[in-house]
Amino acid sequence: MNMELSRRSFMKGASAGLAGTTLGSLGFGEIEAAHAASIRPFKLARTKEARSSCPYCAVCCGMLVFSAENKAGKLEVTHIEGDADNPVNRGTLCPKGAGALDYIRAKTRVKNPMYRKPGSNRFEQVTWDFAMERIAKLMKEDRDANFIDKNKDGVTVNRWPTMAFLSGSSCTNETGWITWKVARGLGMLQIENQARI
Ligand code: SF4
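Predicted model, so just to flag it, every value in this text is computed and none were measured.

1. Some remarks on the environment of C54
Thinking step 1. Locating C54 in the fold gives a position in the loop between β1 (48-53) and β2 (62-69).
Thinking step 2. Measuring from C-alpha to C-alpha, the distance between C54 and G97 comes to 6.0 Å, with 43 residues separating the pair along the chain.
Thinking step 3. When residues no more than four places from it in sequence are discounted, the contact partners of C54 are C60, C61, M63, L93, G97 and A100.

2. So, the site of the ligand
Thinking step 1. What surrounds the ligand is the set C54, Y56, C57, V59, C60, C61, N89, L93, C94, K96 and G97.
Thinking step 2. Across the shell around the ligand, the residue classes tally to eight nonpolar, two polar and one charged.

3. Some remarks on the sheet that holds strand β7 (residues 156-167)
Thinking step 1. Overall, mixed pairing links the three strands, which are arranged β6-β7-β8 in an open sheet. Each edge of the open sheet carries a strand with a single partner, namely β6 (148-150) and β8 (188-193). Recorded for the sheet is a direction-independent mean angle of 25° between the axes of neighbouring strands.
Thinking step 2. In this structure, β7 lies alongside β8, joined through five bridges in parallel fashion. Bridge pairing in β8 links W160 to M188.
Thinking step 3. Most of the contacts of helix α6 (residues 173-185) go to β8, to which it runs at about 155°, and overall it touches β7 and β8.

What counts as what
- Residues numbered from 1 in each chain as written.
- Predicted model: local features only at pLDDT ≥ 70, side-chain atom pairs only at ≥ 80, totals over all residues.
- Helix = DSSP H or I, 4+ residues; strand = E, 2+ residues; numbered from the N terminus.
- Contact = placed C-beta atoms within 7 Å.
- Near = placed C-beta within 6 Å.
- Nonpolar A, V, L, I, M, F, W, Y, C, P; charged D, E, K, R; others polar.
- Pairing = 2+ DSSP bridges.
- Axes fitted to C-alpha atoms, helices over the stretch in contact; angles between N-to-C directions.

Shown next, in the form of structure tokens:
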């Protein structure tokens, strides 16, 4: 029997179940039990489900990501499909999103921050702490060197003209609001979003 519960096998099973139930009421209960035992569990029944969004483009389609334990006891993504409850895509995914499992499993996928030292010709893996501290340090140095608090007329402007911020299109409204506040609060003028690129 095919592992997948196709529409056809579901309809077949449903009508057989109805017949079995009717037969059960007539004293043929074992038929119903035999039929129930013959139906294999839905393939996602043992998986954990998580909501996510497609990483590819600005549409930001909703995804359901299913994971199951592998032989080593670690959760591994086994299936991805469109989230029918998401108002953006209502369960659909384009070919790129539908193939996201390959992206997740790709051997070349970068999972850690990579750093190329000044003068080096290769990237090396670093920790998130290292990456965040390095970014913060460089931002502070640049801001200290280039911040403009007043223009030539003495008017307070608080500008940081040498830094720009690019936000991701998958961000929620709330994340976008905080991003805007932080970037503007630091004095950045150039703020852009991936959705417009
Ligand atoms: S599924 Fe396709 S349209 Fe939707 S966000 Fe991903 S790449 Fe964009």
